[in-house]
Amino acid sequence: WAMYAIPAVPIAYMLYVKRVRYLRISVACEEALPERGRETLKTAIDVAIMLGIIGGTATSLGLGVPLLSAFITELTGVPDSNTIKLIVLAVWTLLFGASAYRGLKKGIKVLADINMVLAGLATVFILLAGPTLFILSISVNSVGQLFHNFWNMSLWMDPIDKSGFPESWTVFYWAWWFAFGAFIGLFFGRISRGRTIRQLVLGVICWGSLGTCSFLAIAGGYSVYLESSGTFPVTQVLADQGMFVLAAKILTTLPSGKIVLAAFIVLSIVFYATTLDSAAYVLASVCSKNLRNDQEPPKVSRIIWAVALAVLTAGLIITEGLDAVKTSTVVSAVPLLPIFLLMCVSLVRWLNKDFGSHKPSKELALDEDT
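Residues numbered from 1 in each chain as written. Predicted model: local features only at pLDDT ≥ 70, side-chain atom pairs only at ≥ 80, totals over all residues. Heavy atoms only, no water.

Colleague: Quick one: what's the story with the packing of helix 2 (residues 38-76) against helix 9 (residues 243-252), residue by residue and with numbers?
Modeller: Remark: helix 2 packs on helix 9, axes separated minimally by 8 Å, with the N-to-C direction vectors making an angle of 40°. Put simply, helix 2 runs oblique to helix 9. Of the two possible hands of crossing, helix 2 and helix 9 adopt the one that is right-handed. Across the interface between the two elements, L63, P66, L67, A70, F71 and E74 of helix 2 pack against F244, V245, A247, A248, K249, L251 and T252 of helix 9. (Axes fitted to C-alpha atoms, helices over the stretch in contact; angles between N-to-C directions. Helix = DSSP H or I, 4+ residues; strand = E, 2+ residues; numbered from the N terminus. Parallel < 35°, antiparallel > 145°, perpendicular 65-115°, else oblique. Left-handed = near helix turned anticlockwise from the far one by under 90°. Contact = heavy atoms within 4.5 Å.)

Colleague: Go over the pattern of salt bridges with me, naming the residues and quoting the values.
Modeller: Summed over the entire model, instances satisfying the criterion amount to nine salt bridges. A salt bridge links K18 to D354, with the nearest nitrogen and oxygen atoms 3.2 Å apart. Residue K18 is found in the loop between helix 1 (2-16) and helix 2, and its partner D354 is found in helix 13 (residues 336-355); the two are separated by 336 residues along the sequence. By relative accessible area, which is 31% here, K18 ends up partly exposed. The partly exposed category is assigned to D354, whose relative accessible area is 34%. Among the salt bridges present, the one from R38 reaches E35, with a minimum N-O distance of 3.6 Å. Using a relative accessible area of 17% as the deciding quantity, one classes R38 as buried. (Salt bridge = Lys/Arg side-chain N within 4 Å of Asp/Glu carboxyl O. Buried < 20%, exposed > 50% of the residue type's maximum accessible area, 1.4 Å probe, protein only.)

Colleague: Please set out the side chain of S154 residue by residue, giving values where relevant.
Modeller: The topology assignment puts S154 in helix 5 (residues 132-155). In this structure the side chain of S154 is engaged in a polar contact, spanning 2.8 Å, whose partner is the backbone oxygen of F150. If we ignore the near neighbours within four places in the chain, the residues touching S154 are T170 and W174. (Polar contact = N/O pair within 3.5 Å; in protein donor to acceptor, adjacent residues only side chain to side chain.)

Colleague: So, the packing of aromatic side chains: which residues are in play, and what are the values?
Modeller: Centre-to-centre distance and the angle between the planes together describe a pair of aromatic rings. Considering all chains together, one arrives at 14 aromatic pairs under this definition. For the ring pair Y173 and W176, a centre distance of 5.6 Å and an interplane angle of 40° mean the geometry is tilted. Linking Y173 with W176, this pair stays in helix 6 (residues 165-190), spanning three residues, or about one helical turn. Residue class for Y173 comes out partly exposed when judged on its relative accessible area of 24%. Judged by its relative accessible area of 12%, W176 is buried. (Phe/Tyr/Trp six-rings, centres within 6.5 Å; stacked < 30°, edge-to-face > 60°.)

Structure, rendered in C-alpha coordinates:
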(Lines give C-alpha, C1' and ligand atoms only; values in the text may rest on other atoms or scores of the structure.)
Protein backbone atom coordinates (compact mmCIF):
# COMPACT_ATOMS: atom_id res chain seq x y z
CA TRP A 1 0.00 0.00 0.00
CA ALA A 2 2.96 2.33 0.51
CA MET A 3 3.87 1.65 -3.14
CA TYR A 4 0.38 2.73 -4.19
CA ALA A 5 0.63 5.96 -2.18
CA ILE A 6 3.83 6.99 -3.98
CA PRO A 7 2.19 7.73 -7.38
CA ALA A 8 -1.17 8.71 -5.84
CA VAL A 9 0.12 11.97 -4.32
CA PRO A 10 1.84 13.41 -7.46
CA ILE A 11 -1.16 12.43 -9.61
CA ALA A 12 -3.65 14.04 -7.22
CA TYR A 13 -1.47 17.16 -6.97
CA MET A 14 -1.23 17.28 -10.76
CA LEU A 15 -5.01 17.06 -11.16
CA TYR A 16 -6.33 19.34 -8.44
CA VAL A 17 -3.54 21.77 -7.58
CA LYS A 18 -1.58 22.20 -10.80
CA ARG A 19 -4.88 21.86 -12.69
CA VAL A 20 -3.30 20.00 -15.59
CA ARG A 21 -5.74 20.09 -18.46
CA TYR A 22 -5.16 16.62 -19.89
CA LEU A 23 -5.13 13.31 -18.06
CA ARG A 24 -1.78 11.65 -18.72
CA ILE A 25 0.11 9.94 -15.90
CA SER A 26 3.42 10.98 -17.45
CA VAL A 27 2.56 14.62 -16.71
CA ALA A 28 3.13 13.82 -13.03
CA CYS A 29 6.83 13.31 -13.98
CA GLU A 30 7.05 16.46 -16.10
CA GLU A 31 8.87 18.70 -13.64
CA ALA A 32 11.68 16.11 -13.32
CA LEU A 33 12.19 15.70 -17.09
CA PRO A 34 14.60 17.77 -19.22
CA GLU A 35 13.13 20.32 -21.61
CA ARG A 36 14.76 18.70 -24.63
CA GLY A 37 12.90 15.58 -25.73
CA ARG A 38 10.33 15.91 -22.95
CA GLU A 39 7.35 14.86 -25.05
CA THR A 40 9.16 11.77 -26.31
CA LEU A 41 10.08 10.79 -22.76
CA LYS A 42 6.49 11.32 -21.62
CA THR A 43 5.23 9.03 -24.37
CA ALA A 44 7.75 6.37 -23.33
CA ILE A 45 6.61 6.70 -19.72
CA ASP A 46 2.95 6.23 -20.70
CA VAL A 47 3.85 3.13 -22.75
CA ALA A 48 5.82 1.65 -19.82
CA ILE A 49 2.89 2.29 -17.49
CA MET A 50 0.50 0.59 -19.92
CA LEU A 51 2.74 -2.48 -20.17
CA GLY A 52 2.95 -2.66 -16.39
CA ILE A 53 -0.83 -2.48 -16.02
CA ILE A 54 -1.38 -5.15 -18.70
CA GLY A 55 1.20 -7.47 -17.12
CA GLY A 56 -0.19 -7.03 -13.62
CA THR A 57 -3.80 -7.42 -14.72
CA ALA A 58 -3.11 -10.52 -16.80
CA THR A 59 -1.42 -12.09 -13.79
CA SER A 60 -4.41 -11.24 -11.59
CA LEU A 61 -6.84 -12.84 -14.01
CA GLY A 62 -4.52 -15.79 -14.53
CA LEU A 63 -4.52 -16.44 -10.78
CA GLY A 64 -8.14 -15.49 -10.14
CA VAL A 65 -9.80 -17.69 -12.76
CA PRO A 66 -8.34 -21.00 -11.45
CA LEU A 67 -9.24 -19.99 -7.89
CA LEU A 68 -12.87 -19.32 -8.73
CA SER A 69 -12.98 -22.44 -10.90
CA ALA A 70 -11.76 -24.51 -7.92
CA PHE A 71 -14.48 -22.96 -5.75
CA ILE A 72 -17.17 -23.89 -8.28
CA THR A 73 -15.82 -27.43 -8.63
CA GLU A 74 -15.84 -27.93 -4.86
CA LEU A 75 -19.38 -26.54 -4.59
CA THR A 76 -21.00 -28.34 -7.52
CA GLY A 77 -18.84 -31.43 -7.99
CA VAL A 78 -18.36 -30.61 -11.68
CA PRO A 79 -14.80 -31.60 -12.72
CA ASP A 80 -12.47 -28.67 -13.17
CA SER A 81 -11.49 -28.01 -16.78
CA ASN A 82 -10.49 -25.26 -19.19
CA THR A 83 -14.15 -25.03 -20.24
CA ILE A 84 -15.18 -24.10 -16.69
CA LYS A 85 -12.34 -21.58 -16.51
CA LEU A 86 -13.34 -19.95 -19.81
CA ILE A 87 -16.98 -19.73 -18.70
CA VAL A 88 -15.83 -18.05 -15.49
CA LEU A 89 -13.72 -15.65 -17.54
CA ALA A 90 -16.67 -14.86 -19.85
CA VAL A 91 -18.93 -14.03 -16.90
CA TRP A 92 -16.20 -11.86 -15.41
CA THR A 93 -15.73 -10.03 -18.69
CA LEU A 94 -19.43 -9.23 -18.92
CA LEU A 95 -19.50 -8.01 -15.34
CA PHE A 96 -16.42 -5.81 -15.29
CA GLY A 97 -17.00 -4.73 -18.90
CA ALA A 98 -20.47 -3.46 -17.95
CA SER A 99 -19.06 -1.79 -14.85
CA ALA A 100 -16.26 -0.09 -16.78
CA TYR A 101 -18.80 0.99 -19.40
CA ARG A 102 -20.96 2.69 -16.75
CA GLY A 103 -17.97 4.62 -15.53
CA LEU A 104 -16.25 5.54 -12.28
CA LYS A 105 -19.21 6.60 -10.13
CA LYS A 106 -22.08 4.48 -11.45
CA GLY A 107 -20.13 1.29 -12.14
CA ILE A 108 -16.76 0.93 -10.45
CA LYS A 109 -17.75 2.74 -7.25
CA VAL A 110 -20.85 0.58 -6.80
CA LEU A 111 -18.85 -2.64 -7.24
CA ALA A 112 -16.15 -1.38 -4.87
CA ASP A 113 -18.73 -0.59 -2.17
CA ILE A 114 -20.33 -4.04 -2.53
CA ASN A 115 -16.90 -5.66 -2.41
CA MET A 116 -15.93 -3.83 0.78
CA VAL A 117 -19.12 -4.88 2.59
CA LEU A 118 -18.87 -8.52 1.48
CA ALA A 119 -15.19 -8.76 2.43
CA GLY A 120 -15.89 -7.29 5.87
CA LEU A 121 -18.74 -9.70 6.53
CA ALA A 122 -16.70 -12.70 5.35
CA THR A 123 -13.76 -11.76 7.59
CA VAL A 124 -15.94 -11.27 10.66
CA PHE A 125 -17.73 -14.58 10.00
CA ILE A 126 -14.46 -16.55 9.88
CA LEU A 127 -13.33 -14.88 13.12
CA LEU A 128 -16.57 -15.64 14.99
CA ALA A 129 -17.26 -19.09 13.50
CA GLY A 130 -13.69 -20.28 13.87
CA PRO A 131 -11.45 -20.55 16.94
CA THR A 132 -11.70 -16.85 17.85
CA LEU A 133 -9.24 -16.81 20.75
CA PHE A 134 -6.61 -18.78 18.80
CA ILE A 135 -6.95 -16.48 15.78
CA LEU A 136 -6.60 -13.33 17.90
CA SER A 137 -3.63 -14.76 19.79
CA ILE A 138 -1.71 -15.86 16.71
CA SER A 139 -2.49 -12.54 14.99
CA VAL A 140 -0.93 -10.55 17.84
CA ASN A 141 2.01 -12.97 17.89
CA SER A 142 2.47 -12.55 14.13
CA VAL A 143 2.72 -8.77 14.45
CA GLY A 144 5.62 -9.24 16.85
CA GLN A 145 7.26 -11.73 14.48
CA LEU A 146 6.82 -9.26 11.61
CA PHE A 147 8.64 -6.45 13.42
CA HIS A 148 11.34 -8.82 14.64
CA ASN A 149 12.07 -10.31 11.21
CA PHE A 150 11.09 -7.49 8.85
CA TRP A 151 14.48 -6.61 7.42
CA ASN A 152 15.64 -10.22 7.26
CA MET A 153 12.53 -11.28 5.32
CA SER A 154 12.56 -8.24 3.06
CA LEU A 155 16.19 -8.57 1.97
CA TRP A 156 16.56 -12.37 2.11
CA MET A 157 17.55 -13.76 -1.32
CA ASP A 158 18.61 -17.27 -0.23
CA PRO A 159 21.91 -17.29 -2.21
CA ILE A 160 23.19 -20.51 -0.62
CA ASP A 161 20.30 -22.98 -0.55
CA LYS A 162 18.56 -21.42 -3.58
CA SER A 163 15.11 -22.65 -2.60
CA GLY A 164 13.40 -20.31 -5.08
CA PHE A 165 11.15 -18.82 -2.40
CA PRO A 166 12.37 -15.19 -2.72
CA GLU A 167 11.92 -15.27 -6.50
CA SER A 168 8.47 -16.87 -6.32
CA TRP A 169 7.18 -14.72 -3.49
CA THR A 170 9.10 -11.62 -2.38
CA VAL A 171 10.44 -10.44 -5.74
CA PHE A 172 7.36 -11.47 -7.71
CA TYR A 173 4.85 -9.82 -5.39
CA TRP A 174 6.84 -6.61 -5.04
CA ALA A 175 7.04 -6.41 -8.84
CA TRP A 176 3.31 -7.19 -9.12
CA TRP A 177 2.47 -4.34 -6.76
CA PHE A 178 4.70 -1.97 -8.71
CA ALA A 179 2.94 -3.00 -11.93
CA PHE A 180 -0.39 -2.07 -10.33
CA GLY A 181 0.98 1.08 -8.73
CA ALA A 182 0.32 3.48 -11.60
CA PHE A 183 -3.31 2.63 -12.18
CA ILE A 184 -4.19 2.36 -8.49
CA GLY A 185 -2.36 5.63 -7.94
CA LEU A 186 -4.49 7.23 -10.66
CA PHE A 187 -7.62 5.73 -9.12
CA PHE A 188 -6.81 7.15 -5.67
CA GLY A 189 -5.75 10.44 -7.19
CA ARG A 190 -9.06 10.86 -9.02
CA ILE A 191 -11.10 10.33 -5.82
CA SER A 192 -8.93 12.52 -3.55
CA ARG A 193 -10.22 15.95 -4.40
CA GLY A 194 -10.58 18.08 -1.26
CA ARG A 195 -8.20 15.97 0.84
CA THR A 196 -4.80 17.05 2.14
CA ILE A 197 -1.63 15.23 1.16
CA ARG A 198 -1.41 13.85 4.70
CA GLN A 199 -4.98 12.53 4.53
CA LEU A 200 -4.33 10.89 1.17
CA VAL A 201 -1.13 9.14 2.30
CA LEU A 202 -2.51 7.98 5.65
CA GLY A 203 -5.80 6.92 4.06
CA VAL A 204 -4.12 4.75 1.44
CA ILE A 205 -1.55 3.17 3.75
CA CYS A 206 -3.55 2.80 6.97
CA TRP A 207 -6.96 1.76 5.67
CA GLY A 208 -5.56 -0.38 2.88
CA SER A 209 -3.10 -2.14 5.17
CA LEU A 210 -5.72 -2.60 7.89
CA GLY A 211 -8.08 -4.37 5.50
CA THR A 212 -5.39 -6.57 3.99
CA CYS A 213 -3.74 -7.51 7.30
CA SER A 214 -7.09 -8.22 8.98
CA PHE A 215 -8.15 -10.70 6.31
CA LEU A 216 -4.74 -12.39 6.10
CA ALA A 217 -4.47 -12.64 9.88
CA ILE A 218 -7.93 -14.11 10.35
CA ALA A 219 -8.01 -16.43 7.33
CA GLY A 220 -4.38 -17.43 7.82
CA GLY A 221 -4.88 -17.95 11.56
CA TYR A 222 -7.82 -20.25 10.87
CA SER A 223 -5.71 -22.28 8.41
CA VAL A 224 -2.89 -22.61 10.94
CA TYR A 225 -5.41 -23.80 13.53
CA LEU A 226 -6.71 -26.51 11.18
CA GLU A 227 -3.18 -27.82 10.62
CA SER A 228 -1.90 -27.53 14.18
CA SER A 229 -5.00 -29.14 15.73
CA GLY A 230 -5.08 -31.99 13.23
CA THR A 231 -8.58 -30.99 12.09
CA PHE A 232 -7.59 -30.76 8.42
CA PRO A 233 -4.29 -31.67 6.63
CA VAL A 234 -3.53 -28.24 5.19
CA THR A 235 0.10 -28.87 4.17
CA GLN A 236 -0.71 -32.24 2.65
CA VAL A 237 -3.55 -30.89 0.49
CA LEU A 238 -1.35 -27.97 -0.53
CA ALA A 239 1.41 -30.33 -1.67
CA ASP A 240 -0.94 -32.76 -3.44
CA GLN A 241 -3.60 -30.52 -5.00
CA GLY A 242 -2.30 -26.96 -4.94
CA MET A 243 -3.28 -23.62 -3.43
CA PHE A 244 -6.58 -23.13 -5.29
CA VAL A 245 -8.09 -26.46 -4.24
CA LEU A 246 -6.78 -25.93 -0.71
CA ALA A 247 -8.57 -22.59 -0.39
CA ALA A 248 -11.86 -24.15 -1.48
CA LYS A 249 -11.55 -27.09 0.91
CA ILE A 250 -10.65 -24.88 3.88
CA LEU A 251 -13.83 -22.86 3.40
CA THR A 252 -15.94 -26.02 3.52
CA THR A 253 -14.58 -26.79 7.00
CA LEU A 254 -16.44 -23.75 8.38
CA PRO A 255 -20.00 -24.12 9.73
CA SER A 256 -22.48 -24.30 6.80
CA GLY A 257 -19.43 -24.80 4.59
CA LYS A 258 -21.28 -25.01 1.27
CA ILE A 259 -23.12 -21.75 1.95
CA VAL A 260 -19.86 -20.10 2.96
CA LEU A 261 -18.20 -21.35 -0.22
CA ALA A 262 -21.06 -19.96 -2.33
CA ALA A 263 -20.69 -16.61 -0.56
CA PHE A 264 -16.96 -16.58 -1.30
CA ILE A 265 -17.69 -17.30 -4.96
CA VAL A 266 -19.78 -14.13 -5.08
CA LEU A 267 -17.09 -12.24 -3.18
CA SER A 268 -14.37 -13.43 -5.56
CA ILE A 269 -16.40 -12.44 -8.62
CA VAL A 270 -17.04 -8.94 -7.29
CA PHE A 271 -13.49 -8.55 -5.95
CA TYR A 272 -11.76 -9.34 -9.23
CA ALA A 273 -14.33 -7.41 -11.23
CA THR A 274 -13.59 -4.32 -9.11
CA THR A 275 -9.86 -4.63 -9.81
CA LEU A 276 -10.17 -5.40 -13.48
CA ASP A 277 -12.76 -2.83 -14.44
CA SER A 278 -10.48 -0.24 -12.82
CA ALA A 279 -7.63 -1.52 -15.00
CA ALA A 280 -9.74 -1.27 -18.16
CA TYR A 281 -10.84 2.22 -17.13
CA VAL A 282 -7.28 3.45 -16.54
CA LEU A 283 -5.90 1.84 -19.71
CA ALA A 284 -8.64 3.59 -21.67
CA SER A 285 -7.75 6.87 -19.93
CA VAL A 286 -4.04 6.57 -20.68
CA CYS A 287 -4.71 5.74 -24.33
CA SER A 288 -7.18 8.58 -24.88
CA LYS A 289 -5.59 11.55 -26.60
CA ASN A 290 -6.26 14.93 -25.01
CA LEU A 291 -8.61 13.48 -22.39
CA ARG A 292 -9.42 16.28 -19.96
CA ASN A 293 -8.90 15.59 -16.28
CA ASP A 294 -12.63 16.04 -15.60
CA GLN A 295 -13.67 13.64 -18.36
CA GLU A 296 -14.11 9.87 -18.40
CA PRO A 297 -12.51 7.85 -21.23
CA PRO A 298 -14.72 6.81 -24.16
CA LYS A 299 -17.03 3.91 -23.38
CA VAL A 300 -15.98 2.01 -26.50
CA SER A 301 -12.35 2.20 -25.43
CA ARG A 302 -13.21 0.81 -21.98
CA ILE A 303 -15.03 -2.14 -23.52
CA ILE A 304 -12.19 -2.83 -25.95
CA TRP A 305 -9.67 -2.98 -23.12
CA ALA A 306 -11.94 -5.19 -21.01
CA VAL A 307 -12.27 -7.65 -23.89
CA ALA A 308 -8.55 -7.46 -24.71
CA LEU A 309 -7.60 -8.35 -21.14
CA ALA A 310 -10.06 -11.26 -21.20
CA VAL A 311 -8.71 -12.57 -24.54
CA LEU A 312 -5.14 -12.38 -23.22
CA THR A 313 -6.13 -14.35 -20.14
CA ALA A 314 -8.01 -16.93 -22.21
CA GLY A 315 -4.82 -17.56 -24.18
CA LEU A 316 -2.89 -18.01 -20.93
CA ILE A 317 -5.45 -20.53 -19.65
CA ILE A 318 -5.45 -22.57 -22.84
CA THR A 319 -1.67 -22.59 -23.25
CA GLU A 320 -1.00 -22.80 -19.49
CA GLY A 321 1.45 -19.93 -19.86
CA LEU A 322 0.90 -18.26 -16.49
CA ASP A 323 4.49 -18.79 -15.36
CA ALA A 324 5.74 -16.87 -18.37
CA VAL A 325 3.35 -14.03 -17.60
CA LYS A 326 4.47 -13.91 -13.97
CA THR A 327 8.02 -13.51 -15.24
CA SER A 328 6.93 -10.80 -17.68
CA THR A 329 5.19 -8.99 -14.82
CA VAL A 330 8.52 -8.71 -13.02
CA VAL A 331 10.18 -7.47 -16.21
CA SER A 332 7.43 -4.95 -17.02
CA ALA A 333 7.52 -3.60 -13.45
CA VAL A 334 11.25 -2.76 -13.54
CA PRO A 335 10.85 0.47 -15.59
CA LEU A 336 8.18 1.68 -13.16
CA LEU A 337 10.66 2.08 -10.31
CA PRO A 338 12.54 5.01 -11.94
CA ILE A 339 9.18 6.41 -13.10
CA PHE A 340 7.93 6.50 -9.50
CA LEU A 341 11.17 8.20 -8.47
CA LEU A 342 10.62 10.80 -11.20
CA MET A 343 7.12 11.40 -9.81
CA CYS A 344 8.60 12.02 -6.35
CA VAL A 345 11.20 14.46 -7.71
CA SER A 346 8.54 16.24 -9.75
CA LEU A 347 6.25 16.57 -6.73
CA VAL A 348 9.02 18.04 -4.55
CA ARG A 349 9.90 20.57 -7.24
CA TRP A 350 6.24 21.53 -7.64
CA LEU A 351 5.93 22.04 -3.88
CA ASN A 352 9.11 24.12 -3.77
CA LYS A 353 7.88 26.30 -6.62
CA ASP A 354 4.42 26.75 -5.17
CA PHE A 355 5.42 27.28 -1.54
CA GLY A 356 9.19 27.39 -1.19
CA SER A 357 10.07 27.92 2.46
CA HIS A 358 6.66 29.43 3.23
CA LYS A 359 4.61 27.50 5.75
CA PRO A 360 0.91 28.05 5.01
CA SER A 361 -1.44 28.78 7.89
CA LYS A 362 -3.90 26.22 6.58
CA GLU A 363 -3.30 22.74 5.26
CA LEU A 364 -3.13 22.44 1.50
CA ALA A 365 -6.14 20.54 0.19
CA LEU A 366 -6.02 18.70 -3.13
CA ASP A 367 -8.81 20.85 -4.50
CA GLU A 368 -8.81 23.14 -7.50
CA ASP A 369 -10.80 25.71 -5.49
CA THR A 370 -8.09 26.00 -2.81
